[in-house]
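# An overview of the molecular structure
Single-letter residue listing:
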Amino acid sequence: MPASRRGSGSLVLPSGQTIAIHTRTQDEEDLPHATKKTMADHLRKYETLFTLTPQRMRMIVEAFTETLELGLAKYNQIVPMIPTFVFGWPSGQETGDFLALDLGGTNLRVCLVTLQGDGKFELTQTKYRLTEEQKQEDGQKLFDFCAECLKTFIDSNTGNGPGMLKEGQILPLGFTVSYRADPISRIDHGELIRWTKGFGAPNTEGRDVAEMFRQSLKKLDLPVHLTALINDTTGTLIASHYVNCKTKIAVIFGTGCNAAYMEHVKNIPKIANLGIPPDVDMAINCEWGAFDSFEHEHLPRTKYDATVDETSNKPGEQAFEKLISGRYLGEILRLVICELIDEGILFLGQNTYKLEKPYVFDTAFLSLMESDPTDELLMIIGIFTHFFALETTLAERQFFRALAKLIGRRAARLSACGIAAIVKKMGYLEEGCSVGADGSLYNKYPGFPERVHEGLVDIFGEKGRGIVTHHAEDGSGVGSAIIAAMTKIRKDASLYLHV
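Residues numbered from 1 in each chain as written. Predicted model: local features only at pLDDT ≥ 70, side-chain atom pairs only at ≥ 80, totals over all residues. Heavy atoms only, no water.

## Quick word on the pattern of salt bridges
Filter applied, for reference: The salt bridge criterion pairs a side-chain nitrogen of Lys or Arg with a carboxyl oxygen of Asp or Glu, the two atoms within 4 Å. Helical segments are the DSSP runs of H or I of at least four residues, strand segments are the runs of E of at least two, and each set is numbered from the N terminus.
Within this structure, the stated rule accounts for 28 salt bridges. The residue Asp 305 makes a salt bridge to Arg 410 at a minimum N-O spacing of 2.8 Å. Residue Asp 305 is located in helix α7 (residues 303-310), and its partner Arg 410 is located in helix α12 (residues 394-426); the two are separated by 105 residues in the primary sequence. Three or more residues joined by partner-sharing salt bridges are found here, namely Arg 186, Asp 188, Glu 211 and Arg 214.

## Overview of helix α15 (residues 475-492)
Selection rule: Expected helix span is computed as 1.5 Å times (number of residues minus one). Partly exposed residues are those whose accessible area sits between 20% and 50% of the maximum for their type, while under 20% is buried and over 50% is exposed, using a 1.4 Å probe and protein chains only. Any pair of N or O atoms that falls within 3.5 Å is considered a polar contact. Within protein, one atom must be able to donate a hydrogen and the other to accept it, and sequence-neighbouring residues count only if both atoms are side-chain atoms.
Taking 1.5 Å as the rise per residue, α15 with 18 residues should run 26 Å; its terminal C-alpha atoms sit 24 Å apart, in good agreement. Of all 18 residues making up α15, 14 are buried, and the element is well covered by its neighbours. Its side-chain oxygen at 3.4 Å from the backbone nitrogen of Ser 476, Asp 474 defines the N-terminal cap of α15. Count one or two residues on from α15 and you reach Ser 494, which has phi positive near 60°.

## Overview of unusual backbone geometry
For Phe 294, which is not a glycine, the phi torsion comes out positive at approximately 70°. The phi angle at Ala 389 is positive, at roughly 55°, despite the residue not being glycine.

## Overview of the nonpolar core
Operational definition: We call a set of buried Ala, Val, Leu, Ile, Met, Phe, Trp, Tyr and Cys residues a nonpolar core when their side-chain atoms join them within 4.5 Å. Contacts: residue pairs with any heavy atoms within 4.5 Å of one another.
Membership of the largest hydrophobic core comes to 123 residues, with the highest contact counts inside it found for Phe 253, Ile 276, Trp 288, Phe 361, Phe 384 and Ile 419. Leaving out residues up to four positions away in the same chain, Phe 253 has contacts with Trp 288, Ile 324, Ser 415, Ile 419, Asp 438, Gly 439, Ser 440, Leu 441, Tyr 442 and Phe 448. By size, the runner-up hydrophobic cluster in this structure holds 35 residues, among which are Leu 99, Leu 103, Leu 171 and Phe 213.

## Concerning the packing of helix α4 (residues 139-156) against helix α5 (residues 209-220)
Note the cut-off: Each axis is a line fitted through C-alpha atoms, taken for helices only over the stretch in contact, and angles between the N-to-C directions span 0 to 180 degrees. These descriptions rest on fixed angle ranges, namely under 35 degrees for roughly parallel, over 145 for roughly antiparallel, 65 to 115 for roughly perpendicular, and the rest for oblique. With the far helix as reference, a near helix turned anticlockwise by less than a right angle produces a left-handed crossing, and one turned clockwise produces a right-handed crossing. Throughout this entry, Asp, Glu, Lys and Arg are counted as charged residues, while Ala, Val, Leu, Ile, Met, Phe, Trp, Tyr, Cys and Pro are counted as nonpolar. The remaining residues, Gly among them, count as polar.
Orientation of α4 relative to α5, taken along the N-to-C sense of each, is 50°, at an axis distance of 8 Å. Of the possible angle classes, the one that applies to α4 and α5 is oblique. Of the two possible hands of crossing, α4 and α5 adopt the one that is right-handed. Mapping the contact onto sequence places Gly 139, Gln 140, Phe 143, Asp 144, Cys 146, Ala 147, Glu 148, Leu 150 and Lys 151 in α4 and Val 209, Met 212, Phe 213, Gln 215, Ser 216, Leu 217, Lys 219 and Leu 220 in α5. Tallied by class, residues from the contact of α4 with α5 come to nine nonpolar, four polar and four charged.

## Comments concerning the sheet that holds strand β12 (residues 257-264)
Pairing between the strands of a sheet comes from backbone hydrogen bonds, and it takes one of two forms, parallel or antiparallel. Put simply, the test is: Following DSSP output, two strands are said to pair if at least two bridges run between them.
Taken together, the six strands give an open sheet; going across it, the order is β3-β13-β12-β11-β14-β15, and neighbouring strands pair in mixed fashion. Each end of this open sheet is capped by a strand with a single partner; those strands are β3 (82-87) and β15 (467-471). Here the average twist between neighbouring strands, direction ignored, is 30°. Across five bridges, the pairing between β12 and strand β13 (residues 281-285) is antiparallel. Across the sheet, the residue bridging to Glu 263 is Met 282, located in β13.

## Let's talk about the packing of aromatic side chains
Going by this rule: Working definition: rings of Phe, Tyr and Trp (its six-membered ring) pair if their centres are within 6.5 Å, and the pair is stacked with planes under 30 degrees apart, edge-to-face with planes over 60 apart, and tilted otherwise.
Enumeration according to the criterion identifies 25 aromatic pairs in this entry. Considering the side-chain rings of Phe 291 and Phe 320, the 6.1 Å spacing of their centres and the 80° angle between planes classify their relative orientation as edge-to-face. Linking Phe 291 in the loop between β13 and α7 with Phe 320 in helix α8 (residues 319-324), this pair joins segments that are 29 residues apart in sequence. Judged by its relative accessible area of 0%, Phe 291 is buried. Cluster of aromatic residues (ring-pair linked, three or more members): Tyr 46, Phe 50, Tyr 304, Phe 347, Phe 361, Phe 365, Phe 384, Phe 387, Phe 388, Phe 399 and Phe 400.

## Brief notes about the side chain of Thr 302
Note that Thr 302 resides in the loop between β13 and α7. Residue class for Thr 302 comes out buried when judged on its relative accessible area of 7%. If we ignore the near neighbours within four places in the chain, the residues touching Thr 302 are Leu 49, Phe 50 and Arg 410.

## Examining helix α9 (residues 329-342)
In a regular helix each residue adds 1.5 Å, so 14 residues correspond to 20 Å; α9 covers 20 Å between its end C-alpha atoms and thus fits that length. Taken from the residues just after α9, Gly 344 is the one with a positive phi, measuring 75°.

## Digging into the sheet that holds strand β7 (residues 171-177)
Pairing in this open sheet of five strands is mixed, and the strands run β6-β5-β4-β7-β10 from one edge to the other. Each of the sheet's edge strands pairs with one partner strand only, and the pair in question is β6 (120-129) and β10 (224-231). Geometrically, the sheet is characterised by an average inter-axis angle of 20° between neighbouring strands, direction not taken into account. Docked against the sheet, helix α6 (residues 232-243) engages β5 (107-117), β6, β7 and β10, running at close to 100° with respect to β10.

## Considerations on the confidence of the model for the protein
Rules: The pLDDT score gives, residue by residue, the confidence of the prediction method on a 0 to 100 scale.
Confidence in the prediction of the protein, expressed as mean pLDDT, is 90, and 93% of residues score 70 or more. Note on residues 1-8: pLDDT is under 50 here. Beyond four places in sequence and across chains, it has 26 contacts. Contacts of residues 22-29 to residues separated by more than four positions or lying in other chains number 24 contacts, the stretch itself having pLDDT below 50.

## Some thoughts on empty space enclosed by the protein
Our working definition: Throughout, the protein atoms alone are placed on a 1 Å grid, and a set of points is a cavity if a 1.4 Å probe fits but cannot get out or a pocket if it is open with protein on both sides within 12 Å along at least five of seven lines; lining residues have an atom within 4 Å of a point. Grid points are joined across faces, edges and corners, and a volume is the space filled by probe spheres set on the points.
Under the defined criterion, the tally for this structure stands at three cavities of 30 Å³ or more. Surrounding the largest cavity, 18 residues form its lining, Ala 181, Pro 183, Leu 229, Ile 230 and Asn 231 being those nearest its centre. Looking at the lining of the largest cavity, the element that brings in the most residues is β3, giving four residues. In this structure, the second largest cavity occupies an estimated 40 Å³ of space. Looking at the second largest cavity, the residues that line it are His 296, Arg 301, Asp 305, Asp 309, Glu 317, Ala 319, Lys 322 and Leu 323. When contributions to the lining of the second largest cavity are tallied by element, the ones reaching two or more residues are α7 and α8. With three residues, α8 is the largest single contributor of residues to the lining of the second largest cavity. Each residue belonging to the lining of the second largest cavity can be placed in one class, and the counts come to two nonpolar, one polar and five charged.

Below, the structure written as structure tokens:
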């Protein structure tokens, strides 16, 4: 009789709940399992499918760069390269009180940002919970609720004490939307293209959301001037540069993905008719998750990626995002496991129905699998027994961890391709630059930043070490307020008042 294995430990679930694990498994006695050699043979196949060579990465960067340039030249391109009408970098010397309103997926956040100069600031903030009903009711009602929260915040922060607002003080406001809202040739107007993150408020898409919010502010007679409508990635770019002036690019790698950077107006042909001096710089919101959508000519899609795409709510769209975002990585791994179940390789004689439900395998599980420090891979035992009621052998668990690593590493290396395209386009390689990065994948997935850096070196050689990512500053709060400050300074100086 083979020696039994014992293991014990605990597993912290994404919900914060801790479960204890006690296992005693006897390989290949109770249930038929794949052998170590079988798993190793399959792993080699997946290594070929999910590994990106430096040569392939450089080809993707070439295509990516061309796509960015096309988006700057013409409207209605797959990667839209949206002009933000945020002009140039903050000086770091901006001062004063500014409000920021951040309409996110679960909360409405109101911030009072006191800019102190020298890249320093103070932040006071309050979060207001959004109910599912509020996210689905009429759009104007949603903005009325935002205005009411803003009024509550202003009232509770007005007084004579230090750091308090003065009675009657009119405050510039930066309004951040984490959804695609395109500026309508001005920084203080924007058309909501599409709700995401569970919002469905009717009578909003296709309308100027800044004007809708102004109506709500007017009803309550608030001492607020809506100065700028801001995308969260653009805010991240400006906030990160305010604190670290070497920051030239901002990226988000989370449930979605995006990038923003500062472009020369002379290189944005599609806004040539607006009469903005060509030597001025403007921040661009790339919305690059759509790279290689529809045609699928450049990215290395596997059949699992194709299935994720075809079964998504937007087939053909957001091709780049579907390979690298935290929303999809767990599903890619689940599809591979399901294929091996169908081929009779895994979990013979066990009921696998719990694994057969799409998106049941969370990307957080990949993080846990990769970071499992135990020889017996107890965390992976915990995931499969607790969530899916499945027994695993050590060989299978080693395979699952290696597969998670392949999918996570591919996501990071593709992310590096996006950064490299902007670096190449803007000529930042020689002098090097910092990249402000945010999002759950970047912040929480083990080894993700290191793999991005490794990818940049594979693309550019040793010079790639000069492109360094770092944790970004708060874009939707602090960044929004800084942009409101910059816009007020620009308008007070009568610069480009028509935008």
